[in-house]
Protein chains: 2
Amino acid sequence: MRVFLAAFLLAAAATASPWGPSASWASTSSSASPTASPSGSTQQVFYGRFISTPSPDQLSINTGAVLVTSSDGRGTIENAVWNVTDLQTALSALDVQDGVPIIYAADNGFFFPGFIDSHIHAPQYPNLGLFEGTLLDWLQKYTYPMESSLSTTESPLYANSTTPPDPYARAHEVYAHVVASTLAHGTTTASYFATVDVGATNILAELALSMGQRAYIGRTCQDNKDNNPIYYRDNSTAEAIANTWSSIKYIQSLDPTGDLVAPIVTPRFAPGVTDESMTALAQIANDTNLRLQMHISENVREVALVAQMYPDQSSYAGVYDAHDLLTDRTILAHGVHLTDDEMDLIAARGSGVSHCPASNSALGSGIAQVRRMLAKGVHVGLGTDTAGGYNPSILETVRQAFLVSRELSFLANDDRSLDVPTTLALWLGTMGGAKVVSMEGRLGGFEPGMLWDVQEIALDAEGTNVDIFGWETWTERVSKWVWNGSRSNVNRVWVGGRLVSQR
Amino acid sequence: MRVFLAAFLLAAAATASPWGPSASWASTSSSASPTASPSGSTQQVFYGRFISTPSPDQLSINTGAVLVTSSDGRGTIENAVWNVTDLQTALSALDVQDGVPIIYAADNGFFFPGFIDSHIHAPQYPNLGLFEGTLLDWLQKYTYPMESSLSTTESPLYANSTTPPDPYARAHEVYAHVVASTLAHGTTTASYFATVDVGATNILAELALSMGQRAYIGRTCQDNKDNNPIYYRDNSTAEAIANTWSSIKYIQSLDPTGDLVAPIVTPRFAPGVTDESMTALAQIANDTNLRLQMHISENVREVALVAQMYPDQSSYAGVYDAHDLLTDRTILAHGVHLTDDEMDLIAARGSGVSHCPASNSALGSGIAQVRRMLAKGVHVGLGTDTAGGYNPSILETVRQAFLVSRELSFLANDDRSLDVPTTLALWLGTMGGAKVVSMEGRLGGFEPGMLWDVQEIALDAEGTNVDIFGWETWTERVSKWVWNGSRSNVNRVWVGGRLVSQR
């Protein structure tokens, strides 16, 4: 991983244009396409143990082989054979020709679907572990200063470092780190909030593309003068709309198919935007069929503020719905304090909720009602909410989803129907996330037709905190991985069949 | 670390006697004394950055040098000089002779007091990450089967592994792992619950001594026939008392000073023991001035069971107090549901509480009122409660202490006076823990007279999840370490001046 990162940092340093890549930089973006193997084959076979969560309460543990083809340019699972422990039998069953490369899962390990981080703020990555207080104060003290520093040479944050010569120097550095780090943690798809700045946002898109992460990238719209700092906001609604378009167009020019990297329309949260920009952004997204993302109902004071701003609307979700922002391509981050009526509305619209338990505990936001949302048919995935959450790992988010659910069940007189068991939490971080980012059927499992976005887990990796004695069943080993696994256990990561991270 | 572990496993395999060490094994115990440096000096100088929490709300960050002497056989801080950044000045100030070895803290790192795990079940270590349900069911399903398997060749748990030829084979293996792993996580002192079996308990004491961990080791007393499984209990109160004495005597023979390894009297929890054994064990501990440890008020059903067993007592703490078990040498694990009156009683008796937030969340036990206990003068430290807790790391426990406190403050209408900030949580894991294990003034900081029980943290270690950009203040770096640090960042660990773990 370090090698990859060093190379990209060098590349980033060579790209000084604030509005996008130099010609040489752009030319590297072709490397984002799933490439043929060194042997020239457009096929690869993955062989060994495969573990996944095909349904919310099912942990599938199987040995077999999966044939991945990149002839469609996407790195898709063409065929799979299960319950075989003999390679030749598997290759015959898959009708694989000689010369196709075979990739083996670690002996004391397995292939697992790549994690989907459905809510992550890329520019806040350097703030991981730095936070205090609750949402609205934290935004002013930690978040906006860091985000704004990614497109200036004059941030107060530069007091402890050399002033960068290039206003985008920190954007290049921070975004290269966040993509490399999340890939190294097994996150193959991320739905990123970037910053209000178009140039910095475009740099994130370039890096995700060249480093090979599936990424939805949103310039944040925040044109409400009352609830954004003067040094970090859209100066007018017209500017917000123009800059949203500008970033959309640029990102679409990088990856016209939108398969790997795509823009996502991002009105930050109801208090931070205006009536007019919400209407305009909904129209942009709905006309172009783009995804949408925004925060909802994270903090009780935020909810009260929205109620005060929109006294005619019945709820926070109602505000978004009145502006046509609740679609089946919409990701709503947090949803801690949603009412039953709001859950019903969100379910009816087909929108998804990104559950961010680490962040919600760290900022004292409360605990989201995951089981209640699922029961009502709301799509739910997981988000690290870097850096309200303190850790860029979805595996840590899986743990926290379990732990906070146990507080809920304790408070409800040991009502275990509120629990989020680890199998469900893993499902939320893969299959559930796929629904939330509008990639159901394409991500999260090992079914033919799905993309090969996969992490290889090694339980006995150097530096691991997972201690396997040898007598454990594979179900127990998965549980040990869930509870003590870390990036140390992520051996290799592929996106669309391309190897994008390696220890 | 791996080298150390391999050596001890070999040593362990060579020791087959169920009742204690072979002669050759016992002879290795002398290596537990703080040893002279290779140069023959009984002094060592530690130089660089030192970070600690001298008080609950103070993070001290300093550069300087500390002179440690082992001439007293203990590895004690003789002198310290602060606010120096020049080695020669420091050596002059400390009046250090030529030839004394100098140990440098990592450049991007620091010395930090070793962690104190005031509640850990050594035999449950293989169950880390394996749990479900709440306390009383979990004990039956996971805990007692694993604990009993450490002194038999016939456990159902051996279904997936070769039957060991030696009833203590698993005890040797598991206990070598738990000591090596906790040391590698920076835990220099542990208060261990072992099992009901004397031989297995004695093996843990031998290993802690030879591997150099400061450890209080308790054979669990559980003679109540109603609340212990037939396959895992003391068969009579008389047997419980005799076996308690037997283990005490053996452990005291290993380390007559009790400085490094000492027995701790361990009536498991009120439901698991009898009236008679509580009285007898209190008398043993009070006559010999030994420490005591037991569980208290972890789970609401457990509390109800105790109330039912002792209808004449006003509370769970009252039951222990009526048996003279609440002393200033007593460690009470959990204390989730203590009433105000119980806290007052515990404070009056000078007993300490081991706060185990990871375990309490994992088992749905609830959230302990740490700030309330501290305000009432109760001593509070941290415990991993391996394997109710899923991680053997006190640093993870520090994180969880913060996170669960934020749930409390959220539920109390954002009453921030309930928060356990990370500085306080670090204090609980060091200075607070020192009070709880009756080592106040000897452990937890860098004051002259304190033992050199210290971990060296390296922030840029291989495999670290701490991402330092270079512009962060040292306060921010500590925060990043707290939130994303792991055993990867623990470079070296000393106990009583002896180097006992190294990456």
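It should be emphasised that the depicted structure is a prediction, and the values quoted were computed from it without experimental measurement. (Residues numbered from 1 in each chain as written. Chains lettered and ligands numbered in written order. Predicted model: local features only at pLDDT ≥ 70, side-chain atom pairs only at ≥ 80, totals over all residues. Heavy atoms only, no water.)

K.L.:
Which residues make up the overall build of chain A, and what values do they have?
P.N.:
In terms of helices and strands, chain A carries 16 helices and 17 strands. A compact globule built from 503 residues would reach a C-alpha radius of gyration of about 23 Å, and chain A, at 22 Å, matches this within 12%. By the burial criterion, 66% of the 503 residues in chain A qualify as buried. Charged side chains in chain A number 29 positive and 50 negative. The centres of these two groups are separated by 2 Å. (Helix = DSSP H or I, 4+ residues; strand = E, 2+ residues; numbered from the N terminus. Rg over C-alpha atoms; globule rule 2.2 N^0.38 Å. Buried < 20%, exposed > 50% of the residue type's maximum accessible area, 1.4 Å probe, protein only. Lys, Arg positive; Asp, Glu negative; His and termini not counted. Charge placed at Lys NZ, Arg CZ, Asp CG, Glu CD.)

K.L.:
Could you give an account of the domain arrangement of chain A, with specific residues and numbers?
P.N.:
Residues and elements named next belong to chain A. On domain assignment, one finds that chain A holds domain 1 (43-113 + 445-502) and domain 2 (115-436). The straight-line distance from the C-alpha centre of domain 1 to that of domain 2 is 29 Å. Contacts between domain 1 and domain 2 engage 32 residues on the former and 27 residues on the latter. When the two sides are added together, the surface that domain 1 and domain 2 hide from each other amounts to roughly 2,300 Å², 63% of it contributed by carbon and sulfur. On the surface where domain 1 and domain 2 come into contact, there are 2 salt bridges. A salt bridge links aspartate 259 to arginine 74, with the shortest nitrogen-to-oxygen separation between them at 2.4 Å. Put simply, domain 1 and domain 2 have 7 residue pairs in polar contact (both at pLDDT 80 or more) between them. (Domains from an automatic or database assignment. Contact = heavy atoms within 4.5 Å. Buried area = accessible area lost by both parts, 1.4 Å probe. Salt bridge = Lys/Arg side-chain N within 4 Å of Asp/Glu carboxyl O. Polar contact = N/O pair within 3.5 Å; in protein donor to acceptor, adjacent residues only side chain to side chain.)

K.L.:
An account of the confidence of the model for chain A is needed here, citing residue identities and associated values.
P.N.:
Scored by pLDDT, chain A comes out at a mean of 92, with 91% of its residues at no less than 70. Note that pLDDT drops below 50 for residues 1-36 of chain A; the model gives that stretch 60 contacts with residues more than four away or on any other chain. (pLDDT = per-residue confidence, 0-100.)

K.L.:
Break down the relation of the copies chain B and chain A for me, citing the residues and quoting the values.
P.N.:
With an axial shift of 0.0 Å and an RMSD of 0.0 Å, the rotation relating chain B to chain A amounts to 180°. The superposition operator between the copies reduces to a two-fold rotation axis. Of every C-alpha in chain B, the one belonging to B:Gly463 sits nearest the axis of rotation, 3.5 Å from it. When the interface residues of chain B are mapped onto chain A, 100% of them again fall at the interface, so both copies present the same face. (Least-squares fit on C-alpha atoms with pLDDT ≥ 70 in both.)

K.L.:
Give me the packing of aromatic side chains: which residues, what numbers.
P.N.:
Residue and element names in this part refer to chain B. The full count for this structure, using the stated rule, is 52 aromatic pairs over all chains. Measuring from centroid to centroid gives 4.0 Å for phenylalanine 46 and tryptophan 452, while their planes differ by 25°, and the two rings are stacked. Of this pair, phenylalanine 46 sits in strand 1 (residues 43-55) while tryptophan 452 sits in the loop between helix 15 (422-436) and strand 15 (454-458), placing them 406 residues apart in sequence. Tryptophan 452 matches phenylalanine 46 in its accessibility class, with the two residues each being buried. Measuring from centroid to centroid gives 5.0 Å for phenylalanine 50 and phenylalanine 111, while their planes differ by 45°, and the two rings are tilted. Placement of the pair is phenylalanine 50 in strand 1 and phenylalanine 111 in strand 5 (residues 109-113), with a sequence separation of 61 residues. (Phe/Tyr/Trp six-rings, centres within 6.5 Å; stacked < 30°, edge-to-face > 60°.)

K.L.:
Describe the pairing of strand 5 (residues 109-113) of chain A, naming the residues involved and giving the relevant values.
P.N.:
Residues and elements named next belong to chain A. A large share of strand 5 lies buried, amounting to 5 of its 5 residues. In strand 5, alternate side chains face the same way, and those of Gly109, Phe111 and Pro113 on one face and Phe110 and Phe112 on the other are all buried. Judged from the 5 bridges that link them, strand 5 and strand 15 (residues 454-458) form a sheet pairing that is antiparallel. The partner of phenylalanine 110 across the bridge, within strand 15, is isoleucine 457. (Pairing = 2+ DSSP bridges.)

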